[in-house]
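One letter stands for each residue in the lines below.
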Amino acid sequence: CRSYFRDHIYNDHANEEERETETELAKTFRVASRGVVPFPEKLFKMLSHAEEGGFSHIVSWQPHGRCFVVHKPTLFVKDIMPQ
């Protein structure tokens, strides 16, 4: 078995300021979606309320806040996704 490694440079953008173009792009997408909440926005809100909603044992942010983890995929699909 032969292993392949890809050279990867990780750029942490967590502390960068939001650029105006990103804000304008978000506004454009929201208008284009005709009132439907975009998936990334809905996901962010859901994750931000996981603790107070009592479902952080199912899905939650990682401590550094740059990604999330689905701890219990079956419960996530059954109880969280339909909301």
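Note that this is a predicted model, so its numbers are computed, not measured.

**Some words on the overall build of the protein**
Helix and strand content of the protein: four helices and two strands. Scanning the protein from its N terminus toward the C terminus, one meets helices and strands in the order α-α-α-β-β-α. Counting all 83 residues of the protein, 14% fall into the buried class. When contacts within the protein are restricted to residue pairs at least 6 apart in sequence, long-range pairs at least 24 apart make up 18% of them.

**Here's the deal with the nonpolar core**
Ranked by size, the top nonpolar core spans nine residues in total: Leu 43, Met 46, Leu 47, Ala 50, Phe 55, Ile 58, Val 59, Phe 76 and Ile 80. When residues of this core are traced back to their parent elements, those giving at least two are α2 (39-48) and α4 (73-80). Here this core takes three residues from α2, the largest share from any one element. If we ignore the near neighbours within four places in the chain, the residues touching Ile 58 are Val 69, Val 70, His 71, Lys 72, Leu 75, Phe 76 and Ile 80.

**Points about the pattern of salt bridges**
As enumerated under the stated definition, the model contains one salt bridge in all. Residues Lys 45 and Glu 41 are paired through a salt bridge, measuring 3.5 Å at the closest nitrogen-oxygen approach. Of this pair, Lys 45 and Glu 41 both sit in helix α2, four residues apart, which is roughly one turn of the helix. Residue Lys 45 is classed as partly exposed on the basis of its relative accessible area, which comes to 43%. Here Glu 41 falls in the partly exposed class, since its relative accessible area comes to 23%.

**Comments concerning α2**
Looking at α2, one finds that the buried residues are Leu 43, Met 46 and Leu 47. Seen along its axis, α2 keeps its buried residues to an arc of 95°; they face one direction.

**Observations regarding the environment of Trp 61**
Along the chain, the position of Trp 61 falls in strand β1 (residues 59-61). It is 6.5 Å that separates the C-alpha atoms of Trp 61 and Leu 47, two residues lying 14 residues apart in sequence. Beyond its immediate chain neighbours, meaning those up to four positions away, Trp 61 contacts Phe 44, Leu 47, Ser 48, Cys 67 and Phe 68.

**Quick notes on a nonpolar patch on the surface**
A surface patch of nonpolar side chains, about 290 Å² in accessible area, is lined by Phe 44, Trp 61 and Phe 68. Tracing the backbone shows Phe 44 in helix α2.

**Quick look at the environment of Val 59**
Within the fold, Val 59 resides in strand β1. When the C-alpha atoms of Val 59 and Lys 72 are compared, they prove to be 7.1 Å apart, with 13 residues separating the residues in sequence. Residues within four places of Val 59 in sequence aside, it is in contact with Met 46, Leu 47, Ala 50, Phe 68, Val 69, Val 70, His 71 and Phe 76.

Scoring rules and cut-offs
Residues numbered from 1 in each chain as written. Predicted model: local features only at pLDDT ≥ 70, side-chain atom pairs only at ≥ 80, totals over all residues. Heavy atoms only, no water. Helix = DSSP H or I, 4+ residues; strand = E, 2+ residues; numbered from the N terminus. Buried < 20%, exposed > 50% of the residue type's maximum accessible area, 1.4 Å probe, protein only. Contact = heavy atoms within 4.5 Å. Core = buried A, V, L, I, M, F, W, Y, C linked by side-chain atoms within 4.5 Å. Salt bridge = Lys/Arg side-chain N within 4 Å of Asp/Glu carboxyl O. Arc of directions from axis to C-beta. Patch = residues over 30% accessible without salt bridge, like charges linked within 9 Å, V, L, I, M, F, W, Y side chains within 5 Å. Areas by Shrake-Rupley, 256 points an atom, 1.4 Å probe, with all protein chains shown as cover.

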